Amino acid sequence: MAQRKLPSLAALRAFEAAARHESAKQAAQELSVTATAISHQVRGLEEALGVPLFVRKPRQLQLTAQGRELQDVLSSAFDSISAAVERLSDTPSRQAITLTTTPVIAARWLLSWVCMLRETHPNIDLRIHASHETVALDGATADIAIRYGDGRWPGMVAEKLLDNTFVPACSPLLGLKSPADLPKYPLLHFRSSSTGSAPADWAGWQKLAKVPGLDVGAGLVFSDETHAVSAAVGAQGVALMSRELIEDELREGRLVQPFGPEIAGKPFYLVYPESRKHDPTIVAVRDWVMAVPGGVCTL
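Being a predicted model, the structure only gives us computed values, none of them experimental.

About the thresholds
- Residues numbered from 1 in each chain as written.
- Predicted model: local features only at pLDDT ≥ 70, side-chain atom pairs only at ≥ 80, totals over all residues.
- Heavy atoms only, no water.
- Helix = DSSP H or I, 4+ residues; strand = E, 2+ residues; numbered from the N terminus.
- Rg over C-alpha atoms; globule rule 2.2 N^0.38 Å.
- Buried < 20%, exposed > 50% of the residue type's maximum accessible area, 1.4 Å probe, protein only.
- Contact = heavy atoms within 4.5 Å.
- Areas by Shrake-Rupley, 256 points an atom, 1.4 Å probe, with all protein chains shown as cover.
- Lys, Arg positive; Asp, Glu negative; His and termini not counted.
- Charge placed at Lys NZ, Arg CZ, Asp CG, Glu CD.
- Pairing = 2+ DSSP bridges.
- Phe/Tyr/Trp six-rings, centres within 6.5 Å; stacked < 30°, edge-to-face > 60°.
- Axes fitted to C-alpha atoms, helices over the stretch in contact; angles between N-to-C directions.
- Core = buried A, V, L, I, M, F, W, Y, C linked by side-chain atoms within 4.5 Å.

## Focus: the overall build of the chain
Consideration 1: Scanning the chain for helices and strands turns up 10 helices and 12 strands.
Consideration 2: Relative to the 2.2 N^0.38 estimate, which gives 19 Å for 299 residues, the radius of gyration of the chain is 35 Å and therefore markedly larger than a compact globule would have.
Consideration 3: Counting across all 299 residues of the chain, residues that qualify as buried make up 39%.
Consideration 4: Taking all contacts inside the chain whose residues are at least 6 apart in sequence as the whole, residues at least 24 apart take part in 75%.
Consideration 5: With the model as given, the accessible surface of the chain reaches about 16600 Å², and the carbon-plus-sulfur share is 52%.
Consideration 6: The positive charge centre, built from 30 side chains, and the negative charge centre, built from 32, are 4 Å apart in the chain.

This is the structure we're talking about:
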């Protein structure tokens, strides 16, 4: 391919702006240079081409026939370049969003299904803040949350996600069948460092069950519910766990619910600011969370 013979692109750009505005001053303002620089570029272009491009009148530049011909070509070319640049720059930028929730919800419910969000919204970078602390949804600390409670948070949209029913659960290897035998086995407790207690605990369960000789203060204490689940699966004792969060273990027989009673805890809600309910990134994460089923996502 033969090499293109082109004048200075800066001179062509200066001429096209001056021709469009019919003014060196206005062209200078558009290109953020001086009017003198525009005039210098245009005169250099005229010398390179060997033809006059403007008839210079007081306070106005009037195109010659040659100037009009060059302007038509340049305007079309620059429009095409501008359109191509705009198309390329329309590639969606990456959006980061922080979802805050408890460690057990993050580990046992959400993480297996992050693939769904990645597939439908590859430009969203999800950050999961796993903590028992309730943090501000101010866009700096976090943007959206999964919390358990009564569903009433001022200024927030709250959509119910999961029930939260607490049941005794243990490994079938323990062979536990009757509440009367429960005092023979270690109890597994979860106590958050931020709240001091779980949403439901053995003391509350005992008020309903009234098992003789049961010491609800004894046993292993964990600050993370996922560790309590692991200990129960490992036959280290009996845990009081949210049934909705151990459905896999119950279905697969790694844990059993040997008896009741059951305790109805406060449900889990998806929570986000009312002022951001139409924010596209919030909507995308909201739709993903609401669609998350139980089980394991396979890629």
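There is more to say after this.
## With respect to the pairing of strand S7 (residues 165–169)
Consideration 1: Burial analysis of S7 places 5 of its 5 residues in the buried class, the great majority of the element.
Consideration 2: Burial along S7 is two-sided: the face carrying Thr 165, Val 167 and Ala 169 and the face carrying Phe 166 and Pro 168 are both buried.
Consideration 3: Sheet topology places S7 next to strand S11 (residues 263–264); 2 bridges connect them, and they run antiparallel. Of the residues in S11, the one forming a bridge with Thr 165 is Ala 264.
Consideration 4: Here S7 runs beside strand S10 (residues 238–242); their pairing, made up of 4 bridges, is antiparallel. Pairing of Phe 166 across the sheet is with Ser 242, part of S10.

## A closer look at the packing of aromatic side chains
Consideration 1: Applying the stated rule across the entire model yields 5 aromatic pairs.
Consideration 2: Look at Trp 202 and Trp 205: their rings are 5.2 Å apart centre to centre, the planes differ by 80 degrees, and that puts the pair in the edge-to-face class. Here the residue Trp 202 and the residue Trp 205 both occupy positions in helix H7 (residues 202–209), the gap between them amounting to 3 residues, near one helical turn. Residue Trp 202 shares its accessibility class with Trp 205, and that shared class is buried.
Consideration 3: When the ring of Trp 205 is compared with that of Phe 259, the centres are 6.2 Å apart and the planes differ by 40 degrees; the resulting orientation is tilted.

## Here we look at the environment of Ala 145
Consideration 1: Among the structural elements, Ala 145 can be located in strand S5 (residues 144–148).
Consideration 2: If we ignore the near neighbours within four places in the chain, the residues touching Ala 145 are Thr 100, Leu 137, Tyr 269, Leu 270 and Val 271.

## What about the sheet that holds strand S6 (residues 156–162)?
Consideration 1: Overall, mixed pairing links the 5 strands, which are arranged S4-S3-S5-S12-S6 in an open sheet. Of all the strands in the sheet, the pair left with one neighbour each is strand S4 (124–130) and S6. Each strand axis lies, on average, 25 degrees off the axis of its neighbour in the sheet, ignoring direction.
Consideration 2: By the bridge criterion, 7 bridges tie strand S3 (residues 95–101) to S4 in an arrangement that is parallel. For Leu 99, the partnering residue across the bridge sits in S4 and is Ile 128.

## Re the nonpolar core
Consideration 1: Counting residues in hydrophobic clusters, the biggest one holds 24 residues, and the most contacted among them are Ile 105, Trp 109, Ile 146, Trp 288 and Val 289.
Consideration 2: Of all the secondary-structure elements, those providing two or more residues to this core are S3, helix H5 (103–110), S5, S6, strand S12 (268–273) and helix H10 (280–291).
Consideration 3: Discounting chain neighbours no more than four positions away, the residues touching Val 289 are Leu 99, Trp 109, Ile 146, Leu 161 and Leu 270.
Consideration 4: Counting residues in each nonpolar core, the second largest holds 20 residues, with Ala 24, Leu 31, Val 42 and Leu 74 among its members.

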